[in-house]
Amino acid sequence: MAPRSSLAVPCEVPVLAVCFLACVATGLELSVNNRAADFSLSTMPGPPVSLSCLVQNSSQAEELLWYRGDGQVDLKDGNKVNVSNICVSPVTESDNGVTFTCKLARDKSVQVSVLLDVQFPPQLSGEESLQIEEEKDVTMSCNAKSNPQAQTAWYKNNSSLTLEQNRYQLYQTSEVFQLSIIKVQKSDNGTYTCTVKSPLGEGRKDFHLIVEDKKPVFPKEAVIAAVVVVTATALFGIVARRDKIFKCFKKSSETAL
């Protein structure tokens, strides 16, 4: 019976060790700005944003990592163990939608992410003059970038623009708002206004459209044909009168002698 007891001991020790490590790992977690779960942080352009990552329930030194999107942030040596702070300064519109993530170095599955929600009004102003030949296409484009996304509209001479089918085309993304007019006519003359409105503000831009008379178009083939005919006619004329030209030249030479 003694040999059986001695063989059982080594099998039980690793099981207990694994169980102990699992319990330690389960209690370990991170928090960013006192939040242990992923969250969104609303802010405005300009003022800096500070993010502080803290290791919770750890009895040893734990190294921390910060990521901006997929890129790792370079941290100083004194800013990596158990507590790590980063500062986004100044906050800009380009930081909107960027995710900052704090991770445990030895187990990157332990992490907390912060999504920056940078709110700003639409930035749109000014005016532009467009001269376009009749029956050609024209496109007017506005910067509609804002957060929250702005509502957009087009006006002609301060009245709501009625979109004619097959002549007016609208194109819109989160950043661009465009109006295209296909084969402009004289009746399209006027001032077109692009407006963008959000809870944080609004903007507008005027386009003064001038439709010019259509310029006559000469077919390239016809011009080439005309040049060939004129050239050929001139050559035939010279050939037909060569005898008279030579006689005149000979007579002039004799007179000179």
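Predicted, not measured: the structure shown is a model, and the values here were computed from it.

Peer 1: How should the sheet that holds strand β10 (residues 138–143) be read in this particular structure?
Peer 2: To summarise the sheet geometry, strands pair through backbone hydrogen bonds and adopt either a parallel or an antiparallel arrangement. The strand order across the open sheet formed by three strands is β10-β14-β13, and the pairing between neighbours is antiparallel. The strands lining the two open edges of the sheet, one partner per strand, are β10 and β13 (168–172). Going from strand to strand, the sheet's axes swing by 15 degrees on average, the running direction of each strand aside. Bridge count for β10 against strand β14 (residues 176–181) is six bridges, and the pairing is antiparallel. From the neighbouring strand, C142 faces β14, where its bridge partner is F177.

Peer 1: Honestly, the confidence of the model for the protein chain in this entry has me stumped. Any pointers?
Peer 2: Residues shown with low pLDDT carry predicted positions that ought not to be read at fine detail. Per-residue pLDDT for the protein chain averages 84, and the proportion of residues at 70 or more is 75%. Considering only residues more than four positions removed or in separate chains, one finds that residues 1–25, a stretch of pLDDT under 50, has zero contacts. The low-confidence segment residues 252–257, where pLDDT is below 50, has zero contacts with residues more than four positions distant or belonging to other chains.

Peer 1: Quick question: what am I supposed to make of the state of the cysteines here?
Peer 2: One way to say it: the disulfide is the covalent bond shared by the sulfur atoms of two cysteines. All chains considered together, the criterion is met by two disulfides. Residue C53 pairs covalently with C102 via a disulfide, S to S 2.0 Å. Judged by the torsion about the S-S bond (-80 degrees), the C53/C102 disulfide is left-handed. Taken as a pair, C53 in strand β3 (residues 49–56) and C102 in strand β7 (residues 99–104) lie far apart in primary sequence, 49 residues in all. Residue C53 shares its accessibility class with C102, and that shared class is buried. Two residues share a disulfide in this structure: C142 and C194, whose sulfurs sit 2.4 Å from each other. Linking C142 in strand β10 with C194 in strand β15 (residues 190–198), this pair joins segments that are 52 residues apart in sequence.

Parameters and conventions
Residues numbered from 1 in each chain as written. Predicted model: local features only at pLDDT ≥ 70, side-chain atom pairs only at ≥ 80, totals over all residues. Heavy atoms only, no water. Pairing = 2+ DSSP bridges. Helix = DSSP H or I, 4+ residues; strand = E, 2+ residues; numbered from the N terminus. Axes fitted to C-alpha atoms, helices over the stretch in contact; angles between N-to-C directions. pLDDT = per-residue confidence, 0-100. Contact = heavy atoms within 4.5 Å. Disulfide = S-S within 2.5 Å. Buried < 20%, exposed > 50% of the residue type's maximum accessible area, 1.4 Å probe, protein only.

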